[in-house]
Amino acid sequence: MIFQTFTGAQSHMLRSSLPALMLNAIAIATTTPTPALIVLFARRWPHLRLLREPTSFPYFNLSVATGTSSCSCGNGGWDGGLAYSYWGGARGLRVQAAKASLQSTKEGELDPRAAEGLVGSEESSGSHGVGKQLLQLTAPLHSYILAHTPEHEVLRELRRETFEKWSSQMQGQLLAMLVKILGATHCIEVGVYTGYSSLAVALALPESGRLVVCDRDSRSLEVARKFYLRAGVNHKVDVRCGLAVDILTDLQKQGGIGRYDFAFIDADKRMYSQYYELTLELIRPGGLLVFDNVLWRGKVADSQVKDKKTTSMRDFNKFLLTDSRVHVCLIPVGDGMMICRKV
Ligand SMILES: C[S@@+](CC[C@H](N)C(=O)[O-])C[C@H]1O[C@@H](n2cnc3c(N)ncnc32)[C@H](O)[C@@H]1O
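Peer 1: Would you explain the packing of helix 13 (residues 272-282) against helix 14 (residues 308-322) in this entry?
Peer 2: Packed helix pairs are characterised by how far apart their axes lie and by the angle those axes make with each other. One can describe the packing of helix 13 onto helix 14 by two numbers: an axis separation of 10 Å at closest approach and a directional angle of 35 degrees. Of the residues in helix 14, those touching helix 13 at Tyr-272, Ser-273, Tyr-276 and Glu-277 are Met-313, Phe-316, Phe-319 and Leu-320. Considering only residue class, the contact of helix 13 with helix 14 consists of six nonpolar, one polar and one charged.

Here it is as structure tokens:
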């Protein structure tokens, strides 16, 4: 199964600088519960440099490099401009996807324009015939964007100490900007992990602002709390541990209907419809609901992919398009973000 499509330039880069053996090693290592194996492989492979020792609790992450390119892998992300996978699950399969993509790339397929970040979509998209050029998010372009995206020092520490995700910096900045544009004072986050996005929102709130965050994983919440404290925003964040449906229902019962300005939803994807209905009640007219991962690594656009998570995300996106209670805007930041403004 292909999880990631590579441009000609990316495939070329993969082919020339990441030996299949290394991919195999990473495939094995990332499907084990411990980072020890991957460190072992990284140390033994003669052309591989260990850029950074892996982080440990609770989500390890490791950066390695060969001659010209580098990549990070771990149970939270796989990045570096070569491949990107977002969250948990069949990590080995993603590496197999990279290998499959390598094998299917023919010699001489490299399009020099792809390396520069621009590919004529009329040619590259075949019969779709989109009139304008599509911007490819290549590694250099991605680095350029990140270099021009501000990031609070504690957000950077959080990202480095706990995990590294391609989209986190851009997403965090986008969420913070939306909160500021709205003048939001009451926010919700569903799905906290170690707190990157919620910290970005909390930092954007005024001193009197409040953010209710919920997650079912108490260990992740402990890490998040540590960073809220470090950034001096602990007093703005109301941390609740439990199932999101229960906590959103509690907020309704506690007089929260129509009281909130902004919500970011980033927990279990198959529950998005339920989270939408519950959160929509909590948000005031003119407020925003933002859903993460709505492109589901591009699988929503591939009619051949019919697994339950992809199908439910596809159905959710389709439903939103015709729901007169919101205006929507789908943007390809990270794994796709759906911004819904309550009418
Ligand atoms: C993708 S992570 C959140 C990442 C975070 N929003 C960020 O961008 O920094 C998803 C989180 O949702 C939590 N989660 C999944 N299902 C949940 C549920 N039913 N109720 C509460 N939390 C849940 C997981 O424990 C995990 O920490």
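Anyway, onward from the coordinates.
Peer 1: Whenever I open this one, the state of the cysteines confuses me. Can you help?
Peer 2: In protein chemistry, a disulfide is the covalent bond that joins the sulfur atoms of two cysteines. Enumeration according to the criterion identifies zero disulfides in this entry. There is no disulfide at Cys-241, and the cysteine sulfur nearest it, in Cys-214, is 9.4 Å away. Note on Cys-241: relative accessible area 47%, which makes it partly exposed.

Peer 1: Mind showing me how you'd approach the side chain of Thr-162 here?
Peer 2: Tracing the sequence through the fold places Thr-162 in helix 8 (residues 153-162). Only 2.7 Å separates the side chain of Thr-162 from the backbone oxygen of Leu-158, close enough to count as a polar contact. In terms of polar contacts, Thr-162 uses its side chain to reach the side chain of Thr-194, at 3.4 Å.

Peer 1: Help me out: how do you make sense of the nonpolar core in this one?
Peer 2: A general tendency of soluble globular proteins is for nonpolar side chains to be buried together. Val-179, Cys-187, Leu-199, Leu-211, Tyr-228, Phe-262 and Val-290 are the most contacted members of the largest nonpolar core, which has 37 residues in total. The leading source of residues in this core is helix 10 (residues 196-204), at six residues. The residues contacting Leu-211, other than those within four sequence positions of it, are Cys-187, Ile-188, Glu-189, Ser-198, Val-201, Ala-202, Leu-205, Lys-236, Val-237 and Asp-238.

Basis of the calculations
- Residues numbered from 1 in each chain as written.
- Predicted model: local features only at pLDDT ≥ 70, side-chain atom pairs only at ≥ 80, totals over all residues.
- Heavy atoms only, no water.
- Axes fitted to C-alpha atoms, helices over the stretch in contact; angles between N-to-C directions.
- Helix = DSSP H or I, 4+ residues; strand = E, 2+ residues; numbered from the N terminus.
- Contact = heavy atoms within 4.5 Å.
- Nonpolar A, V, L, I, M, F, W, Y, C, P; charged D, E, K, R; others polar.
- Disulfide = S-S within 2.5 Å.
- Buried < 20%, exposed > 50% of the residue type's maximum accessible area, 1.4 Å probe, protein only.
- Polar contact = N/O pair within 3.5 Å; in protein donor to acceptor, adjacent residues only side chain to side chain.
- Core = buried A, V, L, I, M, F, W, Y, C linked by side-chain atoms within 4.5 Å.

By themselves, these figures tell us nothing about what the structure is for.
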